[in-house]
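Listed here are the chains, written in short residue letters.
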Amino acid sequence: MRKPLVAAAVLAACLTPSLALAQRHSGAWISGGGGVGWATVHCDANCEDEDANAALVLFLDGGIALNEKLLLGAEFNSWSKNIETGTTDRSLRLNGLLATVLFYPSDTSGIFVKGGFGISYANISGTTVFVNPDLGAGTGITYGVGYDIPIGRSVYLTPAVGLQHGFLGDAVEIVGVPAVRGWRHDIFQFTVGLTLQ
């Protein structure tokens, strides 16, 4: 009878630090990582809606904890993919620079919900002086959920899923004539990051 009780006590002692680690939010925090994102581009005129394209997503964010459940921060993220246009290889990047809020609803779990608002912009590398589209910048919105898995003291592995929207407006060429009107994009992404708190 005593052996099961001892085993239960040892198991509880092992689990307790993990739960405590998952909720230790104080001071500054930083997180970075990457994953895969599926981007879909839409516009009002001069283009066809694109099917979802999978590509690499990278992100870096950080900020300060207001309390155990509420974290404020800023995030930079970038989705990039090589595209072929005739004989030229170009790289399309969809970027976001956002203010973010993370909320941890539970005292005993590392799960959080995330929302953000800021600037979304896009660029294409490998252009020429004759064809140099300015894809512009506009409003960026993001939201999603994630989970902090403690792997050490104040160190977490953080998988997350999210959706990001960019509303960039008109894309123009070097002569100032709109090539695309009403550019906007959606990126569904799955990422894994390393978080330090």
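Throughout this document, residue positions are counted from 1 along each chain, in the order its sequence is written. In keeping with the predicted nature of the model, local features appear solely for residues at pLDDT of at least 70, side-chain atom pairs appear and are counted solely at 80 or more, and the whole-chain, interface and lining totals rest on all residues. As a rule here, side-chain values cover all heavy atoms of the structure and leave hydrogens and water aside.

Caption draft 1: Geometry of the packing of aromatic side chains. In summary, the pairing rule links any two rings of Phe, Tyr or Trp, Trp by its six-membered ring, whose centres are within 6.5 Å, and it sorts them by plane angle into stacked for under 30 degrees, edge-to-face for over 60 and tilted for everything else. For the coordinates displayed, the defined rule picks out 2 aromatic pairs. Relative to Phe 188, the ring of Trp 38 has its centre 6.1 Å away and its plane inclined at 35°; by these criteria the two rings are tilted. Residue Trp 38 is located in strand β1 (residues 27-42), and its partner Phe 188 is located in strand β9 (residues 178-196); the two are separated by 150 residues in the primary sequence. A centroid spacing of 5.3 Å and a plane angle of 45° characterise the contact between Tyr 104 and Phe 112, whose relative ring orientation is tilted. For helices the rule is a DSSP run of H or I covering at least 4 residues; for strands it is a run of E covering at least 2, with both sets numbered from the N terminus onward.

Caption draft 2: View of empty space enclosed by the protein. Of the two site types, the cavity is a set of points on a 1 Å grid over the protein atoms alone where a 1.4 Å probe fits but cannot get out, and the pocket is an open set with protein on both sides within 12 Å along at least five of seven lines, each lined by residues with an atom within 4 Å of a point. Grid points are joined across faces, edges and corners, and a volume is the space filled by probe spheres set on the points. Applying the stated criterion to the full structure yields 1 cavity of 30 Å³ or more. Around the largest cavity, the lining is made up of 23 residues, and of these Glu 75, Phe 112, Lys 114, Ala 160 and Thr 191 lie nearest the centre. Only β1, β2 (53-65), β3 (70-85), β5 (111-125), β6 (137-147), β8 (155-172) and β9 provide two or more residues apiece to the lining of the largest cavity. In this count, Pro and Cys sit with the nonpolar residues alongside Ala, Val, Leu, Ile, Met, Phe, Trp and Tyr, while Asp, Glu, Lys and Arg are called charged and the others, Gly among them, polar. Its residues assigned to classes, the lining of the largest cavity comprises 10 nonpolar, 9 polar and 4 charged.

Caption draft 3: Inspection of the nonpolar core at higher detail. The set of buried Ala, Val, Leu, Ile, Met, Phe, Trp, Tyr and Cys residues whose side-chain atoms join them within 4.5 Å is what this entry labels a nonpolar core. For every residue, the accessible area (1.4 Å probe, protein chains only) is compared with the maximum for its type, and the residue is labelled buried under 20%, exposed over 50%, or partly exposed between those bounds. Membership of the largest hydrophobic core is limited to 12 residues, which are Ala 39, Val 41, Ala 55, Val 57, Trp 79, Leu 92, Leu 94, Ala 122, Leu 135, Leu 168, Trp 183 and Ile 187. For this core, the secondary structure elements donating two or more residues are β1, β2, β4 (88-103) and β9. Note on contacts: a residue pair is in contact if any heavy atoms of the two residues lie within 4.5 Å. Setting aside its immediate chain neighbours within four residues, Ala 55 contacts Gly 35, Val 36, Gly 37, Trp 79, Ser 80 and Lys 81.

Caption draft 4: Broad picture of the environment of Leu 135. With respect to the helices and strands, Leu 135 occurs in the loop between β5 and β6. Overall, Leu 135 belongs to the buried group, its relative accessible area being 5%. Along the sequence, Leu 135 and Gly 169 sit 34 residues apart, while their C-alpha atoms lie 8.2 Å from each other.

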